[in-house]
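Chain by chain, the residues:
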Amino acid sequence: MTPWRPDAVCIERSELDTPIARTVRERVPSSMIHLVDDARAVTPGEFAAAKRVLMVQRHRGEFLRYCPAGTAAAVCCNYLVLSLANSCPFDCSYCFLQAYLANNPALRAFTNVDDALAELDQVLRAHPGRMFRIGTGEWADSLALDPVTGLSRFLVPFFAERPNAVLELKTKTDSVDELVGLDPKGRVVVSWSVNAPEIVTAEEPGTASLADRLVAARRVQDAGYRVGFHFDPLVEFDGWEDGYRAVIEAVFATVDPGRIAWISLGSLRLTPPLEGVIRSRRRSRYVLSGELVPGVDGKARVWRGLRIRMYRSLLQQLHAVDPRLPIYLCTEPASVWQRVMGEAPVDRQLGTRLLVRTTW
Amino acid sequence: MSDDAVRAYGRGRRFSDATMQRWLRHAAPDREAMLQLAERLRLGENQFRDLLDVLEDIASRQESAIATVIGTEPVAAVLARGLGRNETLRALRHALRRRRYPQLVQAETAMADLARRLRLPAWTRVEWPENLEGDELSVTIRAGSATELRARLGEVAAALARPEVDEMFRLLEGE
């Protein structure tokens, strides 16, 4: 995969001397860089066009939030999201950001990483007895901008020294060059969203191929990181069982199962606004044609019985590789957990359990 | 048939620009098939949009064209039946749902079949969640007095001991 490069970069004048902005200026030709007073005043254009221009700016607001996917109706893994970028250069057909950022689609990298880490440090110090799982891959791909911003060089050393937190860098890229030279000391998990080859090709334009993602996963494992895999979104299509079997075989032909921190399974879920955006953009081959029905939380998912069948199929194949793999379901109610996993952990219990294999 | 006819239909029914753009984005044979359907069933915008959603999804699922979906069984059979407008619409939605949700409809049909096999009295109703999106069955017993309710409850309890009930729950669990 060729690392992503923007068509243009707008840097806030006041942020020019921040480490992130300095890195961007070193790595992007100066002819592509424009200085602006306030990136918020720049009109980003429509969703796809907005992804081609990188705003390098100060973040005004809190950095740390609870994962927005958690609802009272679902078993939650107690995940925290650290917001250091907004939007993503890729354009996956099913991405929730299409609806979430519809009115503000600019691709933003935040410069005040020191503020973010100070905010985080305060929380970690205030709760020394609690273990935190924190990710940067909710509002953005954790590594897509790394070749341009070098953000990992700030995050990994910070988490490497924190005894009560684990950072998850979640990605669909193979951009791990920055990571392999750093020592995570057991505190950083690099995880990949993986999908059937048909889905990667048709629905995830611009992202690394499955093979490239797995080669990158092996590289970071060899460099001392634990890795994770998110089979999410699971898409129901003609041949899904073979498609996902191929993914599982490819994963375990490449990585060491003993150094996997966690694996999640999550069915495709679409809010009504997201479904509307996907229809209007007409870029999806498989996403809308699955047997999706509205659930109690208003999101459309594959109907429950078929969803359970899909989860069981993947779970069975994963357990055949290693029955001790830490596997969890994302945003599913206790009743589905019970049917698939034979148990329904409470939220805190699940979060704690997922941390067991991240440290050594 | 020209796009003018499509636009004229949309204008006459005051379709929104967004719906018209969606319609006109389709290939000519699909646009025309949708126009024939709209004219035949005098579709308003919401009805048109709902049908277009389903037809697009089926076409995508089957890797075929909307015109093909409309022109083949079971949709073509519904349109050929000569029913009135509302009955045709209802039958069309039913036929399209079978194509759109083949596995779900199969499971729902199996559920209904199991419920029938319980041979419950007319004063009892077994219900399952819409789209099988849930894990509970409900059984309603109607009675006009406490004595009648107690008697009917005993009668139903015997019927509910049959293995069909276990199978119904297994269906909800995707088995």
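Residues numbered from 1 in each chain as written. Chains lettered and ligands numbered in written order. Predicted model: local features only at pLDDT ≥ 70, side-chain atom pairs only at ≥ 80, totals over all residues.

A. Highlighting the sheet that holds strand β3 (residues 53-57) of chain A. All names here are of chain A. The mixed open sheet is built from five strands, whose spatial order is β2-β1-β3-β7-β6. Because the sheet does not close on itself, it has two edges, and the strands there are β2 (33-36) and β6 (85-86). Pairing of β3 with strand β7 (residues 107-110), which is carried by four bridges, proceeds in the parallel orientation. Residue pairing across strands places M55 opposite R108, the latter belonging to β7. (Pairing = 2+ DSSP bridges. Helix = DSSP H or I, 4+ residues; strand = E, 2+ residues; numbered from the N terminus.)

B. Fine view of the domain arrangement of chain B. For chain B, the assigned domains are domain 1 (3-100) and domain 2 (103-172). Centre-to-centre separation of domain 1 of chain B and domain 2 of chain B, based on C-alpha positions: 36 Å. (Domains from an automatic or database assignment.)

C. Fine view of the packing of helix α12 (residues 304-321) of chain A against helix α13 (residues 334-341) of chain A. Residues and elements named next belong to chain A. The N-to-C vectors of α12 and α13 enclose an angle of 40°; their axes lie 9 Å apart at closest approach. Relative to α13, the element α12 is oriented oblique. Crossing handedness for the pair α12 and α13: right-handed. The segment α12 lies against α13, with R304, I308, Y311, R312 and L315 engaging V336, R339 and V340. (Axes fitted to C-alpha atoms, helices over the stretch in contact; angles between N-to-C directions. Parallel < 35°, antiparallel > 145°, perpendicular 65-115°, else oblique. Left-handed = near helix turned anticlockwise from the far one by under 90°. Contact = placed C-beta atoms within 7 Å.)

D. Quick peek at the packing of helix α1 (residues 3-12) of chain B against helix α2 (residues 17-24) of chain B. All names here are of chain B. Close contact between α1 and α2 brings their axes to 11 Å; oriented N to C, the two are set at 155°. When the axis of α1 is compared with that of α2, the two are roughly antiparallel. Between α1 and α2 lies a crossing whose hand is right-handed. Taken together, the residues of α2 that come into contact with α1 (itself represented by D3, V6, R7 and G10) are M20, W23 and L24. For the contact of α1 with α2, a count of residues per class yields four nonpolar, one polar and two charged. (Nonpolar A, V, L, I, M, F, W, Y, C, P; charged D, E, K, R; others polar.)

E. Molecular detail of the interface of chain B and chain A. Opposite the 18 residues of chain B that make contact, chain A presents 16 residues. Looking at the side of chain B that touches chain A, the elements with two or more residues in it are α4 (45-62), α8 (102-117) and α10 (163-172) of chain B. Classifying every residue of the side of chain B that touches chain A gives six nonpolar, five polar and seven charged.

F. Unusual backbone geometry, seen in detail. In this structure, P233 of chain A follows D232 of chain A across a cis peptide bond, with omega equal to 5°. Note that P233 of chain A resides in strand β11 (residues 226-234). One non-glycine residue with positive phi stands out, namely R14 of chain B, at about 55°. Relative to the helices and strands, R14 of chain B is located in the loop between α1 and α2.

G. Expanded view of helix α9 (residues 210-222) of chain A. All names here are of chain A. In this model, α9 (13 residues) spans 18 Å end to end at C-alpha, consistent with the 18 Å of a helix rising 1.5 Å per residue. Turning to α9, its buried residues number three or more, namely L210, R213, L214, A216, A217 and V220. Each buried residue of α9 sits inside an arc of 160° when the element is viewed along its axis, so together they form one side. Positive phi shows up at G224, right after α9, with a value of about 105°. (Expected span 1.5 Å × (residues − 1). Buried ≥ 20, exposed ≤ 12 C-beta atoms within 10 Å, placed from the backbone. Arc of directions from axis to C-beta.)

H. Region of the structure containing the confidence of the model for chain A. Across chain A, the average pLDDT comes to 93, with 99% of residues at 70 or higher. Mean pLDDT across the elements of chain A bottoms out in helix α14 (residues 347-355) of chain A (78) and peaks in strand β10 (residues 188-194) of chain A (98). (pLDDT = per-residue confidence, 0-100.)

I. Looking closely at the sheet that holds strand β4 (residues 64-66) of chain A. All names here are of chain A. Sheet architecture is open: eight strands sit in the order β4-β5-β8-β9-β10-β11-β12-β15, paired in mixed fashion. The sheet is open, and its two edges are formed by β4 and β15 (327-329), each paired on a single side. Neighbour to neighbour, the strand axes of the sheet diverge by 25° on average, direction disregarded. Together, β4, β5 (79-82), β8 (132-135) and β9 (165-171) form the strand contacts of helix α4 (residues 113-126), whose direction differs from that of β4 by roughly 55°.

J. Focus on the nonpolar core. Judged by nonpolar contacts, the single largest core of 110 residues is most densely connected at V56, V190 and V227 of chain A. Looking at this core element by element, the count peaks at six residues for α12 of chain A. Every residue in contact with V190 of chain A, bar those within four places of it in the chain, is listed here: L169, V176, L179, V220, Y225 and V227 of chain A. L43, A59, V69 and L92 of chain B belong to the second largest nonpolar core, which has 20 residues in total. (Core = buried A, V, L, I, M, F, W, Y, C linked by C-beta atoms within 7 Å.)

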